[in-house]
Amino acid sequence: MSFSDRSSGRRRTAHAARTALGASALALTLLTTAACGPDNSSADTAVTAGAGAAPNIGLPANLEDLKKWKFDDWEKWAKDYALPAAAKGFWTLDKLLKAKPNEPLPPPAAPPAAPPAAPAQPTQAPAQPSQPAKPSQPAQPGQPTAPGAPTAPATTPGKPPAGQPTQPGHPTPPPAAPKPSNTQQPASQAPAQPAQPTQAPAQPAQPTQAPAQPSQPPAKPAQPSQAPAQPAQPSQAPAQPPAQPAQPADNGNDPLPKTVNAQPLPHPYTKLAVHGKLFADAPGSGAEAAAGLSHYQCSATVVADPAHPGKSNLVWTAGHCIHQGKGGKYFSNISFIPAFNSNGALSGGKQAEESQYAPLGIWNATQAVTSPQWKAEGGDGGSPATQYDFAIIRVQPGEGGKSLEETVGGAVPVWFNAPREQLNVTEYGYPAAPPFDGMELNRCESGKPTRLSYDPARPPMLTIGCTMTGGSSGGGWLAVKDGQPALVSNVSVGQHTGDPKYQAGPYLDDVAAGAYDFISKKG
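Given the structure is predicted, the values throughout are model-derived calculations rather than measurements.

1. Some remarks on the overall build of the chain
Line of reasoning, step 1. What the chain contains, in helices and strands, is 16 helices and 16 strands.
Line of reasoning, step 2. When each of the 523 residues of the chain is scored for burial, the buried share is 51%.
Line of reasoning, step 3. Working note: accessible area of the chain is about 22,400 Å², and carbon and sulfur atoms make up 56% of it.

2. Topic: the packing of aromatic side chains
Line of reasoning, step 1. Using the criterion set out here, one finds 15 aromatic pairs in the structure.
Line of reasoning, step 2. With a centroid separation of 6.3 Å and 55° between ring planes, the pair formed by W316 and F416 is classed as tilted. With W316 in strand β5 (residues 314-317) and F416 in the loop between α15 (404-408) and β9 (425-429), the pair connects residues that are 100 residues apart, well separated along the chain. By the burial criterion, W316 is buried, and F416 matches it.
Line of reasoning, step 3. Among the aromatic residues, those joined into a ring-pair cluster are F90, W91, Y269, F279, F340, Y357 and Y430.

3. A few points about the sheet that holds strand β14 (residues 484-490)
Line of reasoning, step 1. Strand order in the open sheet formed by 5 strands is β2-β10-β9-β13-β14, with antiparallel pairing between adjacent strands. The strands lining the two open edges of the sheet, one partner per strand, are β2 (263-264) and β14.
Line of reasoning, step 2. Pairing of β2 with strand β10 (residues 442-447) involves 2 bridges; the strand directions are antiparallel. From the neighbouring strand, Q263 faces β10, where its bridge partner is R443.

4. Things to note about the nonpolar core
Line of reasoning, step 1. Counting 74 residues, the largest nonpolar core has L278, W316, I322, I334, F340, I392 and I393 as its most contacted members.
Line of reasoning, step 2. Top element by residues in this core is helix α16 (residues 510-522). It accounts for 6 residues.
Line of reasoning, step 3. In this view, F340 contacts L96, Y269, K277, F279, L346, Y357, Y430, G438 and M439; residues no more than four positions away in its chain are not counted.

5. Some points on unusual backbone geometry
Line of reasoning, step 1. For the peptide bond that leads from H267 to P268, omega is -5°, which places it in the cis range.
Line of reasoning, step 2. Mapped onto the elements of the fold, P268 is located in the loop between β2 and β3 (275-281).
Line of reasoning, step 3. Of the consecutive residues D499 and P500, the connecting peptide bond is found in the cis state with omega at 5°.
Line of reasoning, step 4. Tracing the backbone shows P500 in the loop between β15 (493-495) and β16 (502-505).
Line of reasoning, step 5. Phi angles above zero are rare outside glycine, and N333 is one such case at about 55°.
Line of reasoning, step 6. Mapped onto the elements of the fold, N333 is located in strand β6 (residues 332-338).

6. What about the environment of P485?
Line of reasoning, step 1. Structurally, P485 is set in strand β14.
Line of reasoning, step 2. Placed 72 residues apart in sequence, P485 and P413 show a C-alpha to C-alpha distance of 7.7 Å.
Line of reasoning, step 3. Beyond its immediate chain neighbours, meaning those up to four positions away, P485 contacts V412, P413, L478, A479 and V480.

7. A word on α16
Each turn of an α-helix holds 3.6 residues, which means side chains three or four residues apart point in the same direction.
Line of reasoning, step 1. Along its 13 residues, α16 runs 18 Å from first to last C-alpha, staying within 8% of the 18 Å computed at 1.5 Å per residue.
Line of reasoning, step 2. Of all the positions in α16, only V511, A512, G514, A515, Y516, F518, I519 and S520 are classed as buried.
Line of reasoning, step 3. Where α16 begins, one side-chain oxygen reaches toward the backbone nitrogen of V511, 3.0 Å away; that side chain belongs to D509.

8. Here we look at the state of the cysteines
Line of reasoning, step 1. One pass over the structure, following the stated rule, counts 2 disulfides.
Line of reasoning, step 2. Paired by a disulfide, C298 and C321 hold their sulfur atoms 2.1 Å apart. Here C298 and C321 share a disulfide; its torsion about the S-S bond, -85°, makes the bridge left-handed. With a gap of 23 residues between them, C298 in strand β4 (residues 295-303) and C321 in the loop between β5 and β6 connect regions that are remote in the sequence.
Line of reasoning, step 3. The side chain of C444 participates in a disulfide bridge whose partner is C466; the two sulfur atoms lie 2.1 Å from each other. Across the disulfide from C444 to C466, rotation about the S-S bond amounts to roughly 80°, and the bridge is consequently right-handed. With C444 in strand β10 and C466 in the loop between β12 (461-465) and β13 (476-481), this pair connects stretches of sequence that are 22 residues apart. Each member of the pair, C444 as well as C466, is classed as buried.

9. Remarks on the sheet that holds β16
Line of reasoning, step 1. Reading across the sheet, the 4 strands line up as β11-β12-β16-β15 and stay open at both edges, with antiparallel pairing between neighbours. The open sheet has two free edges, formed respectively by β11 (450-452) and β15, since each of these has just one partner strand. Sheet twist, expressed as the average angle between the axes of neighbouring strands with direction ignored, equals 30°.
Line of reasoning, step 2. Relative to β16, β15 is paired through 3 bridges, and the arrangement is antiparallel.

10. Quick word on the pattern of salt bridges
Line of reasoning, step 1. This structure, assessed with the given rule, holds 11 salt bridges.
Line of reasoning, step 2. Notably, a salt bridge pairs K375 with D80, separated by 2.7 Å at the nearest N-O pair. Of this pair, K375 sits in helix α14 (residues 372-377) while D80 is found in the loop between α4 (71-77) and α5 (93-98), placing the two residues 295 residues apart along the sequence.
Line of reasoning, step 3. Since its relative accessible area comes to 33%, D80 is described here as partly exposed.
Line of reasoning, step 4. Note that D517 and K521 form a salt bridge whose closest N and O atoms lie 3.3 Å from each other.

11. Description of the environment of A282
Line of reasoning, step 1. Positionally, A282 belongs in the loop between β3 and α12 (286-290).
Line of reasoning, step 2. Under the relative-accessibility criterion, A282 is labelled buried at 4%.

12. Considering the environment of Y502
Line of reasoning, step 1. Tracing the backbone through its elements, the reader meets Y502 in strand β16.
Line of reasoning, step 2. For Y502, the residues in contact, after removing those within four places along its chain, are P107, L256, P257, L452, T463, I464, G465, C466, V493, G494 and Q495.

13. Some points on the confidence of the model for the chain
Line of reasoning, step 1. This prediction gives the chain a mean pLDDT of 73; 60% of its residues lie at or above 70.
Line of reasoning, step 2. Between residues 1-57, whose pLDDT stays under 50, and residues either more than four places distant or in other chains, the model counts 124 contacts.
Line of reasoning, step 3. Taken as a whole, residues 110-245 scores under 50 in pLDDT and shows 125 contacts with residues more than four places along the chain or in a different chain.

14. Quick notes on the pairing of strand β7 (residues 363-370)
Line of reasoning, step 1. When you tally the buried positions in β7, you get 7 out of 8 residues, the bulk of the element.
Line of reasoning, step 2. Of the strand pairs in this sheet, β7 and strand β8 (residues 391-395) are connected by 5 bridges, and their pairing is antiparallel. Directly across from A365, in β8, lies its bridge partner V395.

Definitions and cut-offs
Residues numbered from 1 in each chain as written. Predicted model: local features only at pLDDT ≥ 70, side-chain atom pairs only at ≥ 80, totals over all residues. Heavy atoms only, no water. Helix = DSSP H or I, 4+ residues; strand = E, 2+ residues; numbered from the N terminus. Buried < 20%, exposed > 50% of the residue type's maximum accessible area, 1.4 Å probe, protein only. Areas by Shrake-Rupley, 256 points an atom, 1.4 Å probe, with all protein chains shown as cover. Phe/Tyr/Trp six-rings, centres within 6.5 Å; stacked < 30°, edge-to-face > 60°. Pairing = 2+ DSSP bridges. Core = buried A, V, L, I, M, F, W, Y, C linked by side-chain atoms within 4.5 Å. Contact = heavy atoms within 4.5 Å. Expected span 1.5 Å × (residues − 1). Polar contact = N/O pair within 3.5 Å; in protein donor to acceptor, adjacent residues only side chain to side chain. Disulfide = S-S within 2.5 Å. Axes fitted to C-alpha atoms, helices over the stretch in contact; angles between N-to-C directions. Salt bridge = Lys/Arg side-chain N within 4 Å of Asp/Glu carboxyl O. pLDDT = per-residue confidence, 0-100.

Encoded structure:
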């Protein structure tokens, strides 16, 4: 169900952290901060209390506060954004060919919807006994589903790459969250039975009306018959709490999308030069590093720089492609090769010179920023942290100060808070794990994304059918905005075994926009 075993040089994260992450949704509703910006005097604040941040990380406890961060707030937090550039000539062909595919993070063995569903349902159950006279109201918990979220993408699987069998997928819904709630409702409805006897005294009041006909005095006992009606009012008071939970009834999950087969693009990649390969060294030492076992490869996309229009040196990728996550560090020797192997010089196991497989040069990163959630919580598998698994890097200008955008002939704008119902996604990347070899740029025309969520308090991830494998991590997801392609996500989580085969990427909200604005202005 999950990807192949990750190499020992990859990130090491305690499994206990993932269990604690299940409490993040509840913690987000309980914790508040006095200010939006990071408080550097605090030793243990975190984006979510359940995640357990590294000391002095200086993050707000409330996600909404993080969305309001300004440039100064990001600068106080992102003190390690500056990176040493790789030495000229560091990435030789031998190192490039040894680089291991940085796998999209595998989904967890347990369904993501199950943990958050349990605490959410009991809070809604009391609404049923408190509203015995209003049977239409229990339908409210189903309303907060994300607007416009499609239930299945309209896609047509293409032909598979050479040697790859076609495996048409079928929508497979994640285990439905409402089922556990049905099993719990009978227990939660038990208090409803004592509520009915409060109405029973109203029935004996009817015999008291019979003596009222011969004489007026019995009219006084009729007043106590009205008194029992008053206790019915307290039973309405508990009706208010069920209106407070804003969590969707499905916990932010749709049925999984159908498998879409990746298609290799024809050489040369002249019009697709904004897409390329990202290489980096994971932190490590000793024999493993000496043997070159710390080299990794991902995919990435050149994006526009609002502070430097027409001269961008910014590249978008996944957070796990440049940073280890919780308790870890930034990777080193981060370099981007746009239009890698554009002319097919390395295809079919051939050897080539750098000018052939890197016709637009090798661009070394000098700055990088990822989300506070990934840095504080990220690990080896799908989790709430992957809902913010993105990163932006800045590369050194070329000879004569020529920018990356000018060299490749363009840059892709980023579309933040994109309406889900307007998205038709095409993914680009260089998959390198079998049956791919990392030499070819591939594309999945995946259509409308569905939702995947590990924490319903955070924006659900975009999910598409695609057969790309390790090495496609960080690859750009494009959708059309105002007639032009715009980046809406990147590969983070993926499953390329079984059926359906799919990948998921973060929904780029105000947190992503804040990180983007910060590194744009730092250039």
